[in-house]
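The primary structure of each chain is shown beneath.
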Amino acid sequence: MDAISIAALNGLSAVVTDLFDALNPAPDVELYPLKILPTGLGGYIAPHDDPEGDLLGRRIEAQVRLIITGTTPNALATRTAAAQETMLGLSAAERRQRGLLKVGLDPTVAPATQANRRAVGFAILYEYIHLPTEAGGIIHEIPVTVNVG
């Protein structure tokens, strides 16, 4: 796996974890990447001016599985609703800011195996854009000179 894809997976993991860390108690978060695809033309998006270099990107289709615990059925229902609201209640601008292009419930998620737990699944499409960290030296011209020895 290339470095940009690894950075994209780390970015997605951070976004999802940060979203649900605010819940008390925070649910267990499981992330299952299904597809990693290049964004733009083979991963290239556009040139970047400062610092000079290429914008590169990846899109990740993934399933997020939350394991929510509750000591009573009411507590479990309340925490489940809060978790769903956390993900599905994001505005379009908030989703885009986090790189979440699509978010929806995923009914295919495996159920929790204990009575005081509930599993909630989300299907997401995440876009990661890698900014250059230092000047990358873009070739603006290719000289057409040939030395014949």
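Residues numbered from 1 in each chain as written. Predicted model: local features only at pLDDT ≥ 70, side-chain atom pairs only at ≥ 80, totals over all residues. Heavy atoms only, no water.

Here the focus is the overall build of the chain. Within the chain, the secondary structure is distributed over three helices and five strands. Secondary structure elements in the chain, listed N-terminal to C-terminal, are α-β-β-β-α-α-β-β. With 149 residues in all, the chain has 33% of them scored as buried. When contacts within the chain are restricted to residue pairs at least 6 apart in sequence, those whose partners lie at least 24 apart make up 70%. With an accessible surface of roughly 9,300 Å², the chain has 54% of that area assigned to carbon and sulfur atoms. (Helix = DSSP H or I, 4+ residues; strand = E, 2+ residues; numbered from the N terminus. Buried < 20%, exposed > 50% of the residue type's maximum accessible area, 1.4 Å probe, protein only. Contact = heavy atoms within 4.5 Å. Areas by Shrake-Rupley, 256 points an atom, 1.4 Å probe, with all protein chains shown as cover.)

One pass over the full model with this rule turns up five salt bridges. Here Glu127 and Arg96 are joined by a salt bridge, their closest N and O atoms 3.0 Å apart. On the criterion of sequence distance, the pair formed by Glu127 in strand S5 (residues 117–130) and Arg96 in helix H3 (residues 92–98) is long-range, its members being 31 residues apart. Classification of Glu127 as buried rests on a relative accessible area of 10%. (Salt bridge = Lys/Arg side-chain N within 4 Å of Asp/Glu carboxyl O.)

This part is about the confidence of the model for the chain. Residues with a pLDDT of 70 or more make up 89% of the chain, whose mean pLDDT is 90. No element of the chain has a lower mean pLDDT than strand S2 (residues 44–48), at 84, and none a higher one than strand S4 (residues 100–105), at 97. (pLDDT = per-residue confidence, 0-100.)

Right, let's talk about the side chain of Gln63 for a bit. Among the secondary structure elements, Gln63 is positioned in strand S3 (residues 53–69). Polar contacts involving the side chain of Gln63 include one to the side chain of Thr108, which spans 3.5 Å. For Gln63, the contacting residues outside a window of four places in its chain are Glu30, Leu31, Tyr32, Leu34, Asp106, Thr108, Val109 and Phe122. (Polar contact = N/O pair within 3.5 Å; in protein donor to acceptor, adjacent residues only side chain to side chain.)

Taking 1.5 Å as the rise per residue, helix H2 (residues 73–88) with 16 residues should run 22 Å; its terminal C-alpha atoms sit 22 Å apart, in good agreement. Among all positions of H2, only Ala75, Leu76, Thr80, Ala83, Thr86 and Met87 are buried. In an axial view of H2, the angular spread of the buried residues amounts to 130°, which keeps them on one side of the axis. In H2, those exposed residues whose orientation departs by more than 90 degrees from the buried face are Asn74, Thr78 and Glu85. Those residues of H2 that are buried lie in contact with helix H1 (3–21), S3, S4 and S5. (Expected span 1.5 Å × (residues − 1). Arc of directions from axis to C-beta.)

Residue Pro25 is reached from Asn24 by a cis peptide bond, and omega for that bond is -5°. Residue placement: Pro25 occurs in the loop between H1 and strand S1 (28–38).

Another point: the pairing of S5. In this structure, S3 lies alongside S5, joined through 14 bridges in antiparallel fashion. Its bridge partner being in S5, Arg59 is matched across the sheet by Glu127. One ladder, built from five bridges, connects S4 with S5; its direction is antiparallel. By the bridge assignment for S5, Val103 is matched with Ile124. (Pairing = 2+ DSSP bridges.)

Let us look at a nonpolar patch on the surface. Together, Met1, Ile6 and Ile36 make up a nonpolar patch on the protein surface, roughly 290 Å² of accessible area in all. Within the secondary structure, Met1 sits in the segment before H1. (Patch = residues over 30% accessible without salt bridge, like charges linked within 9 Å, V, L, I, M, F, W, Y side chains within 5 Å.)

The subject of this paragraph is the environment of Phe122. Positionally, Phe122 belongs in strand S5. What makes Phe122 buried here is its relative accessible area of 0%. Considered as a pair, Phe122 and Arg65 are 57 residues apart in the sequence and their alpha carbons are 6.6 Å apart. In this structure Phe122 touches Phe20, Ala62, Gln63, Val64, Leu66, Ala83, Gln84, Met87, Leu88, Gly104, Leu105 and Asp106, once residues within four positions along its chain are discounted.

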